[in-house]
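# Residue-level structural notes
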Amino acid sequence: MDRRLVPGIRVRHPGAPEWGTGQVQSAIGARVTVNFEHAGKQVINSEVVTLDLVPEHATDSPLPRGEVGRPHPPRGGTPCR
C-alpha cells in the first residue's frame, strides 16, 4: 500500500484519464476507494494500479478554486436576467 494514499488526497488513474481527478475516500490494505469526477466511486487495487498524485493547486474544473460561477442575488433582491 502507498502510505500517501490517505483520505482527502487527490489522484488520477493513469489508465483511465477520462475519469478525471478523484479524491481518496478510504485506503484499507491494497484497496483504495476513490470518488472520481466522471466515473464515481471506484475501488482500486493499489498492488495492480499506481495512482498518480495530483498537486493541491491542480484541478480539472474550468473555474478557479472557490468560484462557483455567477453569483446569485440575495433573497428578496432583483433576479438576474
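Shown above is the structure to which this text applies.
Just so it is clear, the structure is predicted and the values come from calculations on it, not from any experiment.

## Section: the side chain of H13
With respect to the helices, strands and loops of the structure, H13 is situated in the loop between β1 (10-12) and β2 (22-28). One polar contact links the side chain of H13 to the main-chain amide nitrogen of G15, over a distance of 2.9 Å. Among all residues touching H13, those that are not within four sequence positions of it are W19, F36, I44, V49 and L51.

## Structural notes on the environment of W19
In this fold, W19 is placed in the loop between β1 and β2. Residues W19 and A39, spaced 20 residues apart in sequence, show a C-alpha to C-alpha distance of 5.2 Å. Ignoring any residue separated from it by four or fewer positions in sequence, one finds W19 in contact with H13, F36, E37, H38, A39, Q42 and I44.

The rules behind each value
- Residue positions within a chain follow its written sequence, with the count starting from 1.
- Reporting of local features is limited, given that this is a predicted model, to residues whose pLDDT is at least 70; pairs of side-chain atoms are given and counted only at 80 or more, and all residues count toward the totals for whole chains, interfaces and linings.
- Side-chain measures were taken over the full set of non-hydrogen atoms in the model, leaving aside hydrogen atoms and water.
- Strands here mean DSSP runs of E at least two residues long; helices mean DSSP runs of H or I at least four residues long; both are numbered from the N terminus.
- Here a polar contact means two N or O atoms within 3.5 Å. Within protein one must be a hydrogen donor candidate and the other an acceptor candidate, and residues neighboring in sequence count only if both atoms are side-chain atoms.
- Any pair of residues with heavy atoms lying within 4.5 Å of one another is described as a contacting pair.

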